[in-house]
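Fold and contact review
What follows is each chain in one-letter form.
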Amino acid sequence: MSEIAPIDQLPGGLESGLEAVLMVADTPVSSARLAEIFEVPVPRIAAALENLANEYDSKDRPRGFELRRVASGWRFYSRADYADFVSSYVLDGQTARLSQAALETLAVIAYRQPVSRGRISAIRGVNVDSVVRTLLTRGLITEYPEMGDGGATLYQTTEYFLERLGLGSLQELPALSPYLPGVADLESLDSATYDD
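Residue numbers restart at each chain and count upward from 1, following the sequence in its written direction. Reporting in this predicted model follows two pLDDT cut-offs: at least 70 for local features of residues, and 80 or more for side-chain atom pairs to be given and counted; totals over whole chains, interfaces and linings ignore these cut-offs and use all residues. Each side-chain value is derived from all of the structure's non-hydrogen atoms; neither hydrogens nor water enter the calculation.

Looking up the protein in an unreviewed UniProt entry gives the name SMC-Scp complex subunit ScpB, with the organism given as Glutamicibacter soli.

1. Notes on the overall build of the protein
Of regular secondary structure, the protein possesses 9 helices and 5 strands. Secondary structure elements are defined from DSSP: runs of H or I of at least 4 residues count as helices, runs of E of at least 2 residues count as strands, and each element is numbered from the N terminus. Ordered by position in the sequence, the α and β elements of the protein form the string α-α-α-β-β-α-α-β-α-α-β-β-α-α. In the form shown here, the protein has an accessible surface area of approximately 12,000 Å², with 52% of it arising from carbon and sulfur atoms. Note that accessible areas follow from Shrake-Rupley with a 1.4 Å probe, and for residues the cover is restricted to the protein chains shown.

2. Topic: the pattern of salt bridges
Whenever Lys or Arg places a side-chain nitrogen within 4 Å of a carboxyl oxygen from Asp or Glu, that contact is recorded as a salt bridge. Within the structure shown, the criterion is met by 10 salt bridges. Of the charged contacts, one joins Arg33 and Glu36 as a salt bridge, the two residues approaching to 3.2 Å between their closest N and O atoms. Highlighted residues: Arg33 and Glu36, both in helix H2 (residues 31-38), separated by 3 residues, approximately one helical turn. The exposure class assigned to Glu36 is exposed, which follows from its relative accessible area of 55%. In this structure, a network of salt bridges that share partners links the residues Asp57, Glu66, Arg68 and Arg79. Here's how the labels work: a residue is buried when its accessible area is under 20% of the maximum for its type, exposed when over 50%, partly exposed in between, all with a 1.4 Å probe on protein chains only.

3. Things to note about the pairing of strand E1 (residues 65-70)
In this description, strands pair whenever DSSP reports at least two bridges between them. As defined by bridge partners, E1 adjoins strand E2 (residues 73-78) across 6 bridges and the pair is classed as antiparallel. Bridging from a neighbouring strand, Leu67 pairs with Phe76 of E2. Between E1 and E2, which follow one another and run antiparallel, lie 2 residues, and Ala71 among them has a positive phi close to 45°.

4. Quick look at the pairing of strand E4 (residues 141-147)
In the sheet, E4 pairs with strand E5 (residues 153-157) via 4 bridges, with the strands oriented antiparallel. In the sheet register, Glu143 faces E5, and the bridge partner there is Tyr155. Taking the residues between adjacent antiparallel strands as the criterion, E4 and E5 are bridged by 5 residues, where Gly150 takes a positive phi near 70°.

5. Remarks on the packing of helix H1 (residues 13-24) against helix H3 (residues 42-56)
Running from N to C, H1 and H3 cross one another at 80°; their axes reach a closest spacing of 10 Å. Taken together, H1 and H3 sit at an angle that is classed as roughly perpendicular. Residues Leu14, Glu15, Leu18, Glu19 and Leu22 of H1 form the contact with H3, whose participating residues are Arg44, Ile45, Ala48, Leu49, Asn51, Leu52 and Tyr56. Interaxial angle, 0 to 180 degrees, is taken between N-to-C directions of lines fitted to C-alpha atoms, where a helix line uses only the stretch in contact. Here the angle decides the label: under 35 degrees means roughly parallel, over 145 means roughly antiparallel, 65 to 115 means roughly perpendicular, and every other value means oblique. Whether two residues are in contact is decided by their heavy atoms, any of which lying within 4.5 Å being enough.

6. Here we look at unusual backbone geometry
Residues apart from glycine generally show negative phi values, whereas peptide bonds are mostly found in trans. The omega torsion across Gln113 and Pro114 is -10°, close enough to zero to call that bond cis. Its place among the elements puts Pro114 in the loop between helix H5 (100-112) and strand E3 (115-116). Backbone geometry at Glu39 places phi at a positive 55°, although glycine is not the residue there.

7. A look at the confidence of the model for the protein
Residues with a pLDDT of 70 or more make up 85% of the protein, whose mean pLDDT is 84. Known as pLDDT, the predictor's per-residue confidence is scaled from 0 to 100. Predicted confidence in the protein is weakest over helix H9 (residues 183-191), with a mean pLDDT of 53, and strongest over H2, with 95. With pLDDT under 50 throughout, residues 192-196 is counted as low confidence; its partners more than four residues away or in other chains account for 13 contacts.

Have a look at this one:
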């Protein structure tokens, strides 16, 4: 890498370049990938990203968006304060929302992964075949690389799932126990064997 990177010769320099790339990114972009794009060291990218994130969080002029580190990189998100307005804009007339059954199935997978289709059905009390197919198609879940008991296919959430929720890892999911009556009943499901 040269001493003066090409990005340094453009108005706004590295920070403006980062904004331009992240503005069009469909998925989070890692610091390493951004360092390759701009031909600068990763520590310089990391410092510039932190500066931008702090600038957007400034009390002097709050922004309607924020720069967040999620899953495997950085991405722009609209601020939670404006969620009602953004939802109204995005969802008006849109039918691509997940059904209640899909949301419930996704929650089971997120909290119990890796989990078989049979176990999901046992927890939900209904057949989940079509819902699992929908979640697979939307890229929110994927097959776990190992097979479960009796050769059952296991499912887990994807990085896209984390990205859509704005989470860095599964450890950031809220605690489940305060919201469910009879959580002890779920533990008994773990000891049972279900066919896929």
